[in-house]
Structure formats: C-alpha cells, structure tokens
Amino acid sequence: MVRTLAVANQKGGVGKTTTVVSVASNVALAGFRTLLIDLDPQGNATTGVGVNPREVSTSSYNVLVQQLPLSGARIQNVLPNMDLVPATLDLAGAEVELVPMFSRELRLRSAISLVENEYDYIFVDCPPSLGMLTINSLAAVNEVIVPLQCEYYALEGLGQLLTNVQLIQEGLNPDLQVSAIVLVMFDARTRLAEQVAQEVREHFGELVLTTVVPRSIRLSEAPSYGQPIEIYDPASAGAAAYRAVTNEILEATKKLP
Ligand SMILES: Nc1ncnc2c1ncn2[C@@H]1O[C@H](COP(=O)(O)OP(=O)(O)O)[C@@H](O)[C@H]1O
Ligand SMILES: [Mg+2]
C-alpha cells in the first residue's frame, strides 16, 4: 500500500521544503519508489532536487488546471527511485483559476489515484497558505507532516492549520490525519528554542518526533546545488537529523491501521 504524505504549514520559511526534499530523497535512497509533487509556485522542491522550473514544459499547474494526467507531467528518476512533478510560477494563478472549476478540491486526488500503484511513497510540498493548493494536497493524502520552527511564534497559526485538517477530514477526506510534527531549525544555544520544544511536546505528545533538526548551514546551502542534504553533505549534522526523521516516519508504517 502506498503512503501519501503532505508537508504543510501556512507559514513561509518554516522548513517545509527542506523537510519534504530531505525525507523524500532519503526514502528514495532507501529503495522505496517515491514520487515528489511540488505544489508551491515558488518551485523550491523542484530546484531542491536539481530541476530548473524554467526548463520544464509541463508541471503540477497542468495537472490541476487542465487535468493533464500525472504521468504526463512527471520527470522520471530525478534521483534513483524518485520521480518529480515540478512546479512553475504559473501555479500561483491556479489558486484563482481553480475557484469556479468542477471538483476543484479533488483534482490532485484524482490525478494521484491513477499512478499510486507505481509508488511506495508519495510526498507533496505545500505552499505557505491555506488556499486551494493546500486544500488539494490535504484532500489527496492520508498523512500531514507539520514542521515547526523552534521560535516564539511557532504555535501561532497551528490551530488554524489543525482546524483546516479537521474540516477536510469531515468534508473531503476521512482518511486524513496529522501523523507527525517535526521540530526544525533548533538552535541549541538559546533557551527559547528549548522552551518552545518543551511546550510543543506538552501539547502534542507522541505526535512530535523525538528527533529535532538543528539549524545547519549545510542544510541551507544544499538547495543552491540542487541536491538533497544526503547527497550534498551526508556527514553533516543536518543530514544525520533528517536520516533520523526519515527513520521515525518509516517506523510509523508499523503503527498505521
Ligand atoms: N535546519 C535548518 N537549518 C538552517 N537553515 C534551514 C534549515 N531548514 C531550512 N532552512 C533554510 O530556511 C529557509 C526556509 O526553509 P524552507 O524549507 O524553504 O521553508 P518553507 O518551505 O516552509 O518556506 C531556506 O533557505 C532553507 O534552506
Ligand atoms: Mg517551501
């Protein structure tokens, strides 16, 4: 059975793309057939695995707005075992273009359903908003992973995200669940980071992964080389952290119904 996961948080710059690129590539490198779908018009997940959005002719935009089959929009083997559905800037228009369209919330879901038997893991990178693109992602997957930055305002907006998850669960996708919260960009030198981490664990208990991803220069450098951290610098602390995050997510398979 395929596992489908979206990485979501309506705040920008909180580590969504870094998390999805790192985990998806680790899963692929572990030998699982993996599809990464970029649903953020910024296309950072696309560049993160070495594809230039300006050089692609079909993308997630065509899938959502024109209902092009996913098989016609994906780029195969961007990494061993990993296919990519890239995102381009025109996806920004899809937020508005989708509004009057038939079954607008379920377009990604139906596109995925035709290829899901080809994969073990399908990951979706969400944009920093709770609009139509994020709704399409959450309607299409069974699991949401929420990265939280260990900073003062980390929990701000989380309630809104969880409410949306619940609404989508009730209205569109009963299988949807938040399967993990990942604490990222942890700065061990500040007491604040420690306090935030503790507060999040008190609130969310076992949902919070044991692994905490530290702030790491190497993680911020990797995208400019178009490489996931495990390829860019496997010896770095950031790579080690995301290997542990990936293991925790793979482990969760055993707990799923
Ligand atoms: N653990 C980390 N340490 C240092 N920099 C990070 C870390 N995680 C992400 N970054 C950097 O922070 C910025 C925002 O991260 P990104 O994953 O793009 O967030 P989002 O997708 O939520 O907007 C990027 O420049 C990224 O390289
Ligand atoms: Mg992003």
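Anything mentioned here points back to the structure above.
Structure report, in brief. The model shown is predicted, which means the values in this text are computed figures rather than measured ones. The residue numbering used here restarts from 1 in each chain and proceeds along that chain's sequence as written. Here the convention is simple: chains get letters from A, ligands get numbers from 1, in the order in which they are written. Reporting in this predicted model follows two pLDDT cut-offs: at least 70 for local features of residues, and 80 or more for side-chain atom pairs to be given and counted; totals over whole chains, interfaces and linings ignore these cut-offs and use all residues. Calculation of side-chain values draws on the structure's entire complement of heavy atoms; hydrogens and water are dropped beforehand.

## With respect to the site of ligand 1
At step 1: The local shell around ligand 1 holds 14 residues, among which Gly13, Lys16, Thr17, Thr18 and Ser216 are the closest.
At step 2: Residues adjacent in sequence count toward polar contacts only when both atoms are side-chain atoms; beyond that, a polar contact is any pair of N or O atoms within 3.5 Å, and within protein one must be able to donate a hydrogen and the other to accept it. Residue Gly13 places a main-chain N or O atom 2.7 Å away from an oxygen atom belonging to ligand 1.
At step 3: Between ligand 1 and the protein, one listed contact pairs an oxygen atom with a backbone N or O atom of Val14 at 3.1 Å.
At step 4: When ligand 1 is considered free in solution it has 550 Å² of accessible area, and contact with the protein chains removes 79% of it.
At step 5: Put simply, the parts of the chain that give the shell around ligand 1 at least two residues each are α1 (16-29), β8 (208-214) and α9 (217-221).
At step 6: Numbered from the N terminus, helices here are DSSP runs of H or I no shorter than four residues, and strands are runs of E no shorter than two. The element best represented in the shell around ligand 1 is α1, accounting for three residues.
At step 7: Gly is put with the polar residues, along with every residue not named as nonpolar or charged; the nonpolar set is Ala, Val, Leu, Ile, Met, Phe, Trp, Tyr, Cys and Pro, and the charged set is Asp, Glu, Lys and Arg. For the shell around ligand 1, a count of residues per class yields five nonpolar, seven polar and two charged. Being near a molecule or strand, for a residue, comes down to having at least one heavy atom within 4 Å of it. Per-residue accessibility takes into account occlusion by the displayed protein chains alone, with areas from the Shrake-Rupley method and a 1.4 Å probe.

## Brief notes about the pattern of salt bridges
Two side chains carrying opposite charge are able to pair once their charged atoms lie near each other.
At step 1: Take a side-chain nitrogen of Lys or Arg and a carboxyl oxygen of Asp or Glu: if they are within 4 Å of each other, that pair is a salt bridge. Scanning the entire structure with this criterion turns up nine salt bridges.
At step 2: Between Asp187 and Arg189 there is a salt bridge, with the nearest N and O atoms lying 3.0 Å from each other.
At step 3: Burial here depends on accessible area, computed with a 1.4 Å probe over protein chains only, as a share of the maximum for the residue type. Under 20% is buried, over 50% is exposed, and the range in between is partly exposed. For Arg189, a relative accessible area of 75% corresponds to the exposed category.
At step 4: Salt bridges sharing partners connect three or more residues here, namely Arg218, Glu221 and Asp233.

## Details of the sheet that holds strand β7 (residues 177-186)
At step 1: Taken together, the eight strands give an open sheet; going across it, the order is β3-β4-β2-β5-β1-β6-β7-β8, and neighbouring strands pair in mixed fashion. Each edge of the open sheet is held by one strand with a lone partner, namely β3 (75-79) and β8. Neighbour-to-neighbour, the strand axes of the sheet open up by a mean angle of 25°, direction not taken into account.
At step 2: One requirement defines pairing of two strands: DSSP has to find at least two bridges between them. Where strand β2 (residues 34-38) lies against strand β4 (residues 82-85), four bridges are found, and the strand directions are parallel. By the bridge assignment, Leu35 is partnered in β4 with Asp83. Whenever a helix is involved, its axis is fitted only over the stretch in contact; in every case the axis is a line through C-alpha atoms, and angles between N-to-C directions fall within 0 to 180 degrees.

## Side note on the pairing of β3
If a strand is regular, its side chains alternate between the two faces of the sheet.
At step 1: Judged from the two bridges that link them, β3 and β4 form a sheet pairing that is antiparallel. Of the residues in β4, the one forming a bridge with Ile75 is Leu84.
At step 2: Joining the antiparallel neighbours β3 and β4 is a turn of two residues, in which Asn81 adopts a positive phi near 70°.

## Details of the nonpolar core
At step 1: Side-chain atoms within 4.5 Å are what join buried Ala, Val, Leu, Ile, Met, Phe, Trp, Tyr and Cys residues into a set we call a nonpolar core. Counting residues in each nonpolar core, the largest one holds 50 residues, and the members touching the most others are Ile37, Leu70, Leu108, Val144 and Val146.
At step 2: It only takes one pair of heavy atoms within 4.5 Å for two residues to be counted as in contact. Leaving out residues up to four positions away in the same chain, Leu70 has contacts with Ile37, Val63, Val85, Ala111, Ile112 and Val115.
At step 3: One finds Leu5, Val49, Ile229 and Ala241 within the second-largest nonpolar core, a separate group that totals 34 residues.

## Here we look at the packing of aromatic side chains
At step 1: Pairing of aromatic rings covers Phe, Tyr and Trp, the last through its six-membered ring, and needs centres within 6.5 Å; plane angles under 30 degrees mean stacked, over 60 mean edge-to-face, and all others mean tilted. One pass over the full model with this rule turns up four aromatic pairs.
At step 2: A ring pair is formed by Tyr121 and Phe123, whose centres lie 6.1 Å apart and whose planes are at 10°; its orientation type is stacked. Across the pair, Phe123 and Tyr121 agree in class, each one buried.
At step 3: Relative to Tyr153, the ring of Tyr152 lies with its centre 5.1 Å away and its plane at 75°, an arrangement referred to as edge-to-face.
At step 4: On the basis of relative accessible area, Tyr152 is assigned to the exposed category, the value being 61%.
At step 5: According to the relative accessible area criterion, Tyr153 is exposed, its value standing at 53%.
At step 6: Every member of this aromatic cluster is reached through a ring pair, and the members are Phe32, Tyr121 and Phe123.

## Remarks on the side chain of Asn9
At step 1: Position of Asn9 among the secondary structure elements: in the loop between β1 (3-7) and α1.
At step 2: Of the residues examined, Asn9 reaches a relative accessible area of 6% and is grouped as buried.
At step 3: Polar contacts involving the side chain of Asn9 include one to the main-chain amide nitrogen of Lys11, which spans 3.0 Å.
At step 4: In this structure, Asn9 is in contact with Val14, Lys16, Pro127, Pro128, Val146, Pro147, Leu148 and Leu161, ignoring residues within four places of it in sequence.

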